[in-house]
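Spelled out, the chains give:
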Amino acid sequence: MALMQKGRQQLLAFGSLAALVMVFGFLRPDTFLTTENLIGILQATTVTGVLGIAATFVIVTSGIDLSIGVLMTFTAVMAGLFLARLGWPLSVGIPATLLMGAAAGCTSGLVITRLRVAPFIATLGMMMVLKGLSLIITGARPIYFSEVEGYEDISTGSMLGQWLPGLPVPNGVVIYLLVALVASLLLNRTALGRYAQALGSNEEAVRLSGIDVGRWKVIIYALGGGVCAIAGLLGSSRLNSAQPALGQGYELEAISAVVIGGTSLAGGSGTILGSVIGAFIMSVLVNGLRIMSVADEWQLLLTGIIIIIAVYVDRLRQT
Amino acid sequence: MQPMDVLLSASGLDKAFPGVVALRDARFELRAGEVHALMGENGAGKSTLVKILAGVHRRDAGEVLLAGQAVDIDGPAEAQALGISIIHQELQLMPHLTAAQNVFIGREPSRFGWLDERRLNRDAAELFQRIHLDIDPTTPVGTMTVARQQMVEIAKALSRASRVLVMDEPTSALNDLEIAELFKVIDKLRSEGVGIIYISHRMDEIQRIADRITVMRDGGTVGTMPASTPLPQVIALMVGRELAATRSPVPDSSDAAPALEVKGLSRGRLVRDVSFAVKRGEIVAFAGLMGAGRTEVMRTLFGADRAESGEIFVHGKQIRVRGPVDAVAAGIGYLPEDRKHHGLATGMDVESNITLPSLSRCLRAGLLIDRQACAEMATRFVERLRIRTPSNHQIARLLSGGNQQKVVIAKWLARECDVLIFDEPTRGIDVGAKAEIYSLLAALAAEGRAIIVVSSELPEILQLGHRILVMCEGRIAGELPGEHATQETIMALATAWH
């Protein structure tokens, strides 16, 4: 029964996504349904999409991580520091960046479990700390990767397009989907995923089952941080620069995608597939409205209403 | 005693939920000034019947007469307007508000649009006085004992001029003194002509307080009888079969090291220099009044709360318990008193719950969950403990209380724990399931596990315990051999320090 319900929840999200694509495709067939535009949508989804995956793990435990948007910026800046300023090779700089992301997530996890600060506050503080650090390290100026060979290709190149010239899907999108696949395996098929869901369902019962709750929470926040670093690499590669002022606000977009995908903020249940579909719904919406020449302020207003409706419909389905 | 009028009568009640028939031609009659106990196993239909009366569910067929008038009860608000109130097992009060604010929530007296706090407190004080309750209306409810909170609930129901009051397991969290206080209030209400429907699993209580008993089974009412009806007869009606008493054989005392030994365990006021040992194959029962520290001893021993001092030995080897992780690693399993909040991840399925503590043993390559191994482990214990569930993927919340308890037991058996602590193993569980849990505990002991049972029900302690340790104010007040102990000798020890 649980499986069926999960399936239905994703079907609903997927149905909404398909409906959105059809509506925009019908209204603007020549501009919306072009390969170029569809690939643009995929590309535009990668960063918030990867952040959404990071957020899903934490939200399933009934926690929240508000620092993920700025954490992405911070890791982009670290990548700039390692690769552009210090001139490390990609093979060293990229793992080092991922480690920095995990370390930042780990810090949030420790503050939450050891100092017993509520996740909302701990990660809110972390958000400010990381933003400050990013600005301090860069002197509030962007770091450019123009000297770093191959960096831009991480996100915008297309290895798939070299094999299948008709399908020039950018590497960033492929990486996003691979991350989603691995994350989905982690959440559904490993002890980590099972504990994450159990923590969200009943933390005290997990503790009294003899499971080291603190340790697993730290691991989950660290994993989230590591995934954010992937978003940081993808984002900065796409811009070919690390922009220290960017990033704030991304966490709310990512969390919206997760919630649209049917993951409950109360914890205990959630799927990566849902979060991926949620992220696509958000970017199809933005892209479609832009193509329809809807003004930015109206886009924002409509997106807000749609998030509320999406969650309301999900609630209806559950009762 | 004046002749009693029929206050409420229901007949031919049917109610079906998707897939289940919850009530079938149920009938029930409540007189004014009567305490009428509703008894039956879990799933017999008691709560469905009561919820129909309280407007939570709508009946599919049947008739309800209130003081001779046919009534439709469309919703909880309508039920309250008709004077039918229900006091749920889980109290529905707001802990940060005061007693008075809780009683009059939604009906606050006001003056010129401002809340009239003074009148609120005065009205509440009058109400408390009417049922002889010594409660300060301005005390926040969250700071009161559960017993007092329950009284506030009762006052709240009365403030709505209730004629029919439903009490669902009102004594499950109360100690003997508090129960006596509750019964005084019930007597007062009875003398005022309020009709009380009383749901409880505790037979001794029902014989003390109730006037009549209606027994339910499989969605129907099987009979109404005076409360003085002999117990075995009532139980036979409830379960539709005879229950055999089980007791495991007393283990031989030649064993070298005890399976569990605790020396000088202390933590705060409720765990003071506690020492005891449990042998393999032995069931040691902990008795005592509510608040004597039994649960606290178990939680400290298990590491759920940190000990201040003391030593713990498992099979003769000293272990350091800094948290439940260490206790479980040493083979100690703990069934908490509060199953829903501490024992189960109620939103997860049966299989995930059973395998939760042993997950690290069903991994492939140290990472991936071996689904087949998990499924086999779950199935083995579902079959062995005869857990009644449609599948291993049923959400734990949807199981009956007895089956939920068995899932918690399965979880520790799967983890191969050989020291098992059962804290109130049969709380809120019906008679049939209770008997099953008793024989299960006896079988586990016979297999050589060391078992501790904490219980507030003396008959349970007497039936299960090879040895009985009685606690009082955080200390072990004395020890009694199971076969010679009586309720009186236990109570004498339990109150020794008073």
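Residues numbered from 1 in each chain as written. Chains lettered and ligands numbered in written order. Predicted model: local features only at pLDDT ≥ 70, side-chain atom pairs only at ≥ 80, totals over all residues. Heavy atoms only, no water.

**Some words on the pattern of salt bridges**
Two side chains with opposite charge may pair up if their charged atoms get near one another. All names here are of chain B. If you walk through the whole model with that rule in mind, you get 26 salt bridges over all chains. A salt bridge links Arg 212 to Glu 29; its shortest N-O distance comes to 3.1 Å. Of this pair, Arg 212 sits in strand E11 (residues 212-217) while Glu 29 sits in strand E2 (residues 20-31), and the two are 183 residues apart along the sequence. (Salt bridge = Lys/Arg side-chain N within 4 Å of Asp/Glu carboxyl O. Helix = DSSP H or I, 4+ residues; strand = E, 2+ residues; numbered from the N terminus.)

**Here's the deal with empty space enclosed by the protein**
All names here are of chain B. In the structure shown here, the tally under the stated rule is 3 cavities of 30 Å³ or more. Of the residues assigned to the lining of the largest cavity, the class counts are 1 nonpolar, 5 polar and 6 charged. Around the second largest cavity, the lining residues are Ser 47, Val 50, Lys 51, Ile 86, His 88, Val 166, Asp 168 and Ile 199. Elements that contribute at least two residues to the lining of the second largest cavity include exactly helix H1 (46-53) and strand E9 (164-168). Ranked by the residues each element gives to the lining of the second largest cavity, the list is headed by H1, at 3 residues. (1 Å grid on protein atoms, 1.4 Å probe; cavity = no way out; pocket = protein on both sides within 12 Å on 5 of 7 lines; lining within 4 Å. Points joined across faces, edges and corners; volume = space filled by probe spheres on them. Nonpolar A, V, L, I, M, F, W, Y, C, P; charged D, E, K, R; others polar.)

**Comments concerning the interface of chain B and chain A**
At the junction of the two partners, chain B supplies 34 residues and chain A supplies 20 residues. When chain B packs against chain A, close to 2,200 Å² is buried across both sides, 60% of that on carbon and sulfur atoms. The largest share of the area that chain B buries against chain A comes from Met 348, Leu 356 and Ile 369 of chain B, three residues that together contribute 23% of it. Seen at the junction of chain B and chain A, the total is 0 salt bridges. Our count for the chain B to chain A interface comes out at 6 residue pairs in polar contact (both at pLDDT 80 or more). Where the side of chain B that touches chain A is concerned, the elements lending two or more residues are helix H9 (294-302), helix H10 (324-329), helix H11 (339-343), helix H12 (350-355), strand E19 (363-364), strand E20 (368-369) and helix H14 (401-414) of chain B. (Contact = heavy atoms within 4.5 Å. Buried area = accessible area lost by both parts, 1.4 Å probe. Polar contact = N/O pair within 3.5 Å; in protein donor to acceptor, adjacent residues only side chain to side chain.)

**Some thoughts on the pairing of strand E12 (residues 220-226) of chain B**
Residues and elements named next belong to chain B. By the bridge criterion, 6 bridges tie E11 to E12 in an arrangement that is antiparallel. Counted as the bridge partner of Arg 217 is Gly 220 from E12. Between E11 and E12, which follow one another and run antiparallel, lie 2 residues, and Asp 218 among them has a positive phi close to 50°. (Pairing = 2+ DSSP bridges.)

**Here's the deal with the side chain of Gln 197 of chain A**
The residue Gln 197 of chain A is located in helix H10 (residues 191-207) in this model. A polar side-chain atom of Gln 197 of chain A sits 3.3 Å from the main-chain carbonyl oxygen of Leu 187 of chain A.

**Let's talk about a nonpolar patch on the surface**
Residues and elements named next belong to chain A. On the surface, Leu 12, Trp 298, Leu 301, Leu 302, Ile 305, Ile 309, Tyr 312, Val 313 and Leu 316 cluster together to form a nonpolar patch covering roughly 830 Å² of accessible area. The dominant element in the nonpolar patch, judged by the number of residues it contributes, is helix H14 (residues 296-318), at 8 residues. Checked against the element boundaries, Leu 301 lands in helix H14. Note on Leu 301: relative accessible area 44%, which makes it partly exposed. (Patch = residues over 30% accessible without salt bridge, like charges linked within 9 Å, V, L, I, M, F, W, Y side chains within 5 Å. Areas by Shrake-Rupley, 256 points an atom, 1.4 Å probe, with all protein chains shown as cover. Buried < 20%, exposed > 50% of the residue type's maximum accessible area, 1.4 Å probe, protein only.)

**Re the packing of helix H13 (residues 371-384) of chain B against H14 of chain B**
Residues and elements named next belong to chain B. Between H13 and H14, whose axes approach to 10 Å, the crossing angle comes to 125°. In terms of orientation, H13 and H14 fall into the oblique class. In this structure, H13 meets H14 at a crossing whose hand is right-handed. Facing H13, whose interface residues are Met 377, Phe 381 and Arg 384, H14 presents Ala 410, Leu 413 and Ala 414. Looking at the contact of H13 with H14 residue by residue, the classes come out as 5 nonpolar, no polar and 1 charged. (Axes fitted to C-alpha atoms, helices over the stretch in contact; angles between N-to-C directions. Parallel < 35°, antiparallel > 145°, perpendicular 65-115°, else oblique. Left-handed = near helix turned anticlockwise from the far one by under 90°.)

Purely spatial values, then, with no claim about function.
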